[in-house]
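So you can see what is in the structure, the chains are spelled out below.
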Amino acid sequence: MRIPFRRIPDAPQRSGYVEEQINEAIARGEFQNLKGAGKPLALRGDLSKADEMRQKMRGDAGYGVPWEEVGREIEVMTRRAEGELRRAIEFRSAGLASAKSDKSKIEADFKVHLGRVETAIGAVNSLVLKHNLLLPQTLPHLYRQRLKIETLVERVAPEAKKFIV
């Protein structure tokens, strides 16, 4: 018995309104010249879990969940606050080490810089609040703690703790 040859269609058989729209878009060429067309998929990491697959797909498409974006902003602003504090401490140390400097002027400038650091910490803490509010209740381990100047001093220059805190 001979099995009859059946021609495989060039395009998948679709039915329904959505499929008609897709077929028309294909015919117009709207799916040509897409980013990454003809290139293999960059499969990295363990994609056996649905959560990891969703996260990878969002990242590849250039999207993220809101709390991750706020978390990146927190990191950037925290580094800025650390840099501001580090500069203030170095400026104070260098100024006080100089015999020709006006000690009261150095201390006054240092207080101005500390005010800027505290303003930056306030901005970070408002982002921490936003992050924690955006975070789903099912992910409590991702909650962030508010930033304190004592914590920042401990990270940047523990030796400066005596004259800041």
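Each value, and the rule that gives it
- Residues numbered from 1 in each chain as written.
- Predicted model: local features only at pLDDT ≥ 70, side-chain atom pairs only at ≥ 80, totals over all residues.
- Heavy atoms only, no water.
- Helix = DSSP H or I, 4+ residues; strand = E, 2+ residues; numbered from the N terminus.
- Areas by Shrake-Rupley, 256 points an atom, 1.4 Å probe, with all protein chains shown as cover.
- Salt bridge = Lys/Arg side-chain N within 4 Å of Asp/Glu carboxyl O.
- Buried < 20%, exposed > 50% of the residue type's maximum accessible area, 1.4 Å probe, protein only.
- Polar contact = N/O pair within 3.5 Å; in protein donor to acceptor, adjacent residues only side chain to side chain.
- Contact = heavy atoms within 4.5 Å.
- Expected span 1.5 Å × (residues − 1).
- Axes fitted to C-alpha atoms, helices over the stretch in contact; angles between N-to-C directions.
- Parallel < 35°, antiparallel > 145°, perpendicular 65-115°, else oblique.
- Left-handed = near helix turned anticlockwise from the far one by under 90°.
- pLDDT = per-residue confidence, 0-100.
- Phe/Tyr/Trp six-rings, centres within 6.5 Å; stacked < 30°, edge-to-face > 60°.
- Lys NZ or Arg CZ within 6 Å of the ring centre and 35° of its normal.
- Core = buried A, V, L, I, M, F, W, Y, C linked by side-chain atoms within 4.5 Å.

1. Quick notes on the overall build of the protein chain
Part 1 of the reasoning: For the protein chain, the helix and strand inventory stands at six helices and zero strands.
Part 2 of the reasoning: Reading the helices (α) and strands (β) of the protein chain from amino to carboxyl end gives α-α-α-α-α-α.
Part 3 of the reasoning: With an accessible surface of roughly 12,900 Å², the protein chain has 56% of that area assigned to carbon and sulfur atoms.

2. So, the pattern of salt bridges
Part 1 of the reasoning: All chains considered together, the criterion is met by six salt bridges.
Part 2 of the reasoning: Here Arg28 makes a salt bridge to Glu30, at a shortest N to O gap of 2.7 Å.
Part 3 of the reasoning: Judged by its relative accessible area of 53%, Arg28 is exposed.
Part 4 of the reasoning: What makes Glu30 partly exposed here is its relative accessible area of 47%.
Part 5 of the reasoning: Linking Glu75 and Arg144 is a salt bridge whose minimum nitrogen-to-oxygen distance equals 2.7 Å. With Glu75 in helix 3 (residues 66-97) and Arg144 in the loop between helix 4 (103-134) and helix 5 (149-156), this residue pair connects regions lying 69 residues apart in the sequence.
Part 6 of the reasoning: The partly exposed category is assigned to Glu75, whose relative accessible area is 36%.

3. Considering the side chain of Asn125
Part 1 of the reasoning: When you line up the elements, Asn125 lands in helix 4.
Part 2 of the reasoning: Within polar-contact distance, the side chain of Asn125 engages the backbone nitrogen of Leu147 at 2.6 Å.
Part 3 of the reasoning: Other than its neighbours up to four places away in sequence, Asn125 contacts Arg146 and Leu147.

4. As for helix 2 (residues 50-61)
Part 1 of the reasoning: An ideal rise of 1.5 Å per residue puts 16 Å on 12 residues; helix 2 measures up with 16 Å between its terminal C-alpha atoms.
Part 2 of the reasoning: Once helix 2 finishes, Gly62 follows within two positions and takes phi at roughly 85 degrees, a positive value.

5. Describing the environment of Arg58
Part 1 of the reasoning: Position of Arg58 relative to the elements: it lies in helix 2.
Part 2 of the reasoning: The contact partners of Arg58, leaving out residues within four places of it in the chain, are Tyr63 and Val65.

6. Regarding the packing of helix 3 against helix 5
Part 1 of the reasoning: Running from N to C, helix 3 and helix 5 cross one another at 70 degrees; their axes reach a closest spacing of 10 Å. As judged from the angle between their axes, helix 3 and helix 5 are roughly perpendicular. In this structure, helix 3 crosses over helix 5, and the sense of that crossing is right-handed. Side by side, helix 3 and helix 5 meet where Thr78, Ala81, Glu82, Leu85 and Arg86 of the first sit next to Leu152, Val153, Arg155 and Val156 of the second.

7. Remarks on the confidence of the model for the protein chain
Part 1 of the reasoning: Across the protein chain, the average pLDDT comes to 82, with 85% of residues at 70 or higher.
Part 2 of the reasoning: For the protein chain, per-element mean pLDDT is lowest for helix 6 (residues 161-164), which scores 73, and highest for helix 4, which scores 92.

8. Remarks on the packing of aromatic side chains
Remark: the centre distance and the inter-plane angle together describe each pair of aromatic rings, the angle taken between the planes.
Part 1 of the reasoning: By the definition in use, this model includes zero aromatic pairs.
Part 2 of the reasoning: Over the ring of Phe110 we find Arg92; its NZ or CZ atom is 5.5 Å from the centre of that ring.

9. Examining the nonpolar core
Part 1 of the reasoning: Among the nonpolar cores identified, the biggest contains 21 residues, and Leu85, Ile89, Ile149, Leu152 and Ile164 are the most heavily contacted of them.
Part 2 of the reasoning: The set of elements that each furnish at least two residues to this core consists of helix 3, helix 4 and helix 5.
Part 3 of the reasoning: Ranked by residue count, the leading element in this core is helix 4, at seven residues.
Part 4 of the reasoning: Not counting the four nearest positions on each side in its chain, Ile164 is found in contact with Leu85, Ile89, Phe110, Leu114, Ile149 and Val153.

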